[in-house]
Amino acid sequence: MTSKSPNSSLCLLFTSLLICVLSAPILFAQNPVANYDEKAVPAFQLPDPLILGSGDAVLDTATWWSLRRPEIMEMFENEMFGKTPDMKLPVSFELTSLDKNALGGIATRKEITVYFTADKSGPSMVILLYLPNHVESKVPVFLAMNFNGNHTIHPDSGVSITRSWLEVNRESLSNGSKTVADSRGSASRRWPVEMILQRGYGLATIYYEDIDPDFDDGFQNGIHPLFYKSGQTSPNSNEWGSIGAWAWGYSRAMDYLETDGDIDSRRVILMGHSRLGKAALWAGAQDQRFSVVISNNSGCGGAALSKRAYGETIGRINRVFPHWFCDNFLKYGENEGSLTFDQHMLLSLIAPRPLYVASAEEDLWADPQGEFLSALHASPVYKLLGTDGLQAEARPLPGLPVMSTIGYHIRKGKHDVTDFDWECYLNFADMHFGK
Ligand code: GCU
């Protein structure tokens, strides 16, 4: 065995230091530090949702619907979320469990399996539905996907354990649960089921990875392969990523809700938190059957303006979650200035339907100010379409929601979904449904 001479060790140390110093700028360019300083937000001009690509102003609703809205939709399809295929799958629904006396008798619980292939062998999703027993008429429903399995939203032992993808996603099981079954009820803090029912609303939820697993699998699992053209093995650079797939799943859930006689399908409120808030906004933009859309702390790629480059940026989100958006979105990393659209235009696609954007004071990663400004700058479209938009010029204080056709609040605390958030959403829905 030979030992290194002191000289060769020194030389090694020197070389390592040199490599570190030389590669630092490269590493920094790849992983720039997030900006949390309002003064360091770059100067930018937001594209006007009411100016056509030709430069002409949109002065009436007909021009909005026939020209400008399709233009904006196309930008989000081609440059950000990727286009959702037009092809229809042979989707079918099966009621796989029913308990009319759930949660001590206050609720009817249904589980509906939604099959995406005719022979039922391919991917499928399970909708868990709670309906309030004290309401005689058809009920409005909140539709919101969950992160860790339907069985985590409530300790209710009648809920089936979610099967798909939880094994690969084991580290995300909350509360240190050792097995999937141990995680029953582990996310219940975020799901005040009894409160929602008591207010006369139903709740429909789906485990999001039933539709597409949330890791970069080259789009070999989940629903993408069901849409590939002959010889295709992954989406093209302007075709959908995972957020597009989850948004598609929200619409397939809506297809079911329309068939359920216990539900008022004209009053389905789409709600999503964080990455599922991004998906909810994209689903709400594409599918006008959702009557109210709620973004809870959706941040970068959701409600927050990208051009502010505050907190999470396009470059960072694409590096860490390369499967969320289409490949065309890569070119905007560290290059937000070149965007011809921004997230206020995504919100404007929901107009004139009621929209709620919620932020949290400590959730700087999601850029609360950028989320507020986005709602504010979607307002001109809401106004053109005859509603009042957002009734605030400046961000309200924490805990004080503003609610008109657009609602907004920032609450104290972290990135999360709290009872306060849900109370605001229930009040907002009541206000719009004249309850
Ligand atoms: C990460 C990601 C966010 C996302 C969030 C979530 O923090 O950077 O963009 O919203 O996860 O979905 O919880």
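The structure displayed is predicted, hence computed values, not measured ones.

Draft legend 1. Structural view of the overall build of the protein. Each helix and strand counted, the protein has nine helices and 10 strands in total. Considering only contacts in the protein between residues 6 or more positions apart, those separated by 24 or more positions represent 69%. Carbon together with sulfur atoms contributes 56% to the accessible area of the protein, which is approximately 18,500 Å² in total.

Draft legend 2. Broad picture of the packing of aromatic side chains. The final tally for this structure, using the stated rule, is 24 aromatic pairs. Plain terms: the ring middles of Phe-81 and Trp-282 are 4.7 Å apart, the flat faces sit at 20° to each other, and that makes the pair stacked. With a gap of 201 residues between them, Phe-81 in the loop between α2 (61-79) and β1 (92-102) and Trp-282 in helix α5 (residues 275-286) connect regions that are remote in the sequence. Side by side, Phe-81 and Trp-282 carry an identical accessibility label, which is buried. Among the aromatic residues, those joined into a cluster by ring pairs are Phe-76, Phe-81, Trp-282, Phe-325, Phe-329, Tyr-332 and Phe-341. Across from the ring centre of Trp-248, 5.1 Å away, lies the NZ or CZ of Arg-252, which sits over that ring. Lys-435 extends its terminal NZ or CZ atom over the ring of Tyr-201, reaching a point 4.2 Å from the ring centre.

Draft legend 3. A look at the site of the ligand. The full set of residues close to the ligand is Ser-274, Arg-275, Lys-278, Glu-312, Ile-317, Phe-321, Trp-324, Trp-365 and His-415. Measuring from an oxygen atom of the ligand, one finds a side-chain N or O atom of Lys-278 at 2.9 Å. The separation between an oxygen atom of the ligand and a polar side-chain atom of Trp-365 is 3.0 Å. Protein burial of the ligand: of its 320 Å² of free accessible surface, 82% is covered by the chains. Split into classes, the residues belonging to the shell around the ligand amount to four nonpolar, two polar and three charged.

Draft legend 4. Region of the structure containing α2. Under the 1.5 Å per step criterion, the end-to-end length of α2 is 25 Å for 19 residues, consistent within 8% with the ideal 27 Å. Bending of α2 peaks at approximately 40° at the position of Arg-68, with proline Pro-70 no more than four residues after it. Within α2, the full set of buried residues consists of Thr-63, Trp-64, Arg-68, Arg-69, Ile-72, Met-73, Met-75, Phe-76, Glu-77 and Glu-79.

Draft legend 5. Structural detail: the packing of helix α4 (residues 242-257) against α5. Contact geometry of α4 with α5 gives a least axis separation of 8 Å together with a crossing angle of 60°. Judged on the interaxial angle alone, α5 and α4 are oblique. As α4 runs across α5, the sense of the crossing is right-handed. Listed contacts from α5 to Ile-243, Gly-244, Trp-246, Ala-247 and Tyr-250 of α4 are Arg-275, Leu-276, Lys-278, Ala-279, Ala-280, Trp-282, Ala-283 and Gln-286. Of the residues assigned to the contact of α4 with α5, the class counts are nine nonpolar, two polar and two charged.

Draft legend 6. Region of the structure containing a nonpolar patch on the surface. Residues Tyr-36, Leu-364 and Trp-365 make up a contiguous nonpolar surface patch of roughly 270 Å² in combined accessible area. If you trace the backbone, Leu-364 turns up in the loop between β8 (355-360) and α8 (368-384).

Rules used throughout
- Residues numbered from 1 in each chain as written.
- Predicted model: local features only at pLDDT ≥ 70, side-chain atom pairs only at ≥ 80, totals over all residues.
- Heavy atoms only, no water.
- Helix = DSSP H or I, 4+ residues; strand = E, 2+ residues; numbered from the N terminus.
- Contact = heavy atoms within 4.5 Å.
- Areas by Shrake-Rupley, 256 points an atom, 1.4 Å probe, with all protein chains shown as cover.
- Phe/Tyr/Trp six-rings, centres within 6.5 Å; stacked < 30°, edge-to-face > 60°.
- Buried < 20%, exposed > 50% of the residue type's maximum accessible area, 1.4 Å probe, protein only.
- Lys NZ or Arg CZ within 6 Å of the ring centre and 35° of its normal.
- Near = heavy atom within 4 Å.
- Polar contact = N/O pair within 3.5 Å; in protein donor to acceptor, adjacent residues only side chain to side chain.
- Nonpolar A, V, L, I, M, F, W, Y, C, P; charged D, E, K, R; others polar.
- Expected span 1.5 Å × (residues − 1).
- Bend = angle between axes of the 7 residues up to and from the residue.
- Axes fitted to C-alpha atoms, helices over the stretch in contact; angles between N-to-C directions.
- Parallel < 35°, antiparallel > 145°, perpendicular 65-115°, else oblique.
- Left-handed = near helix turned anticlockwise from the far one by under 90°.
- Patch = residues over 30% accessible without salt bridge, like charges linked within 9 Å, V, L, I, M, F, W, Y side chains within 5 Å.
- Salt bridge = Lys/Arg side-chain N within 4 Å of Asp/Glu carboxyl O.

All we've got here are geometric facts, nothing functional implied.
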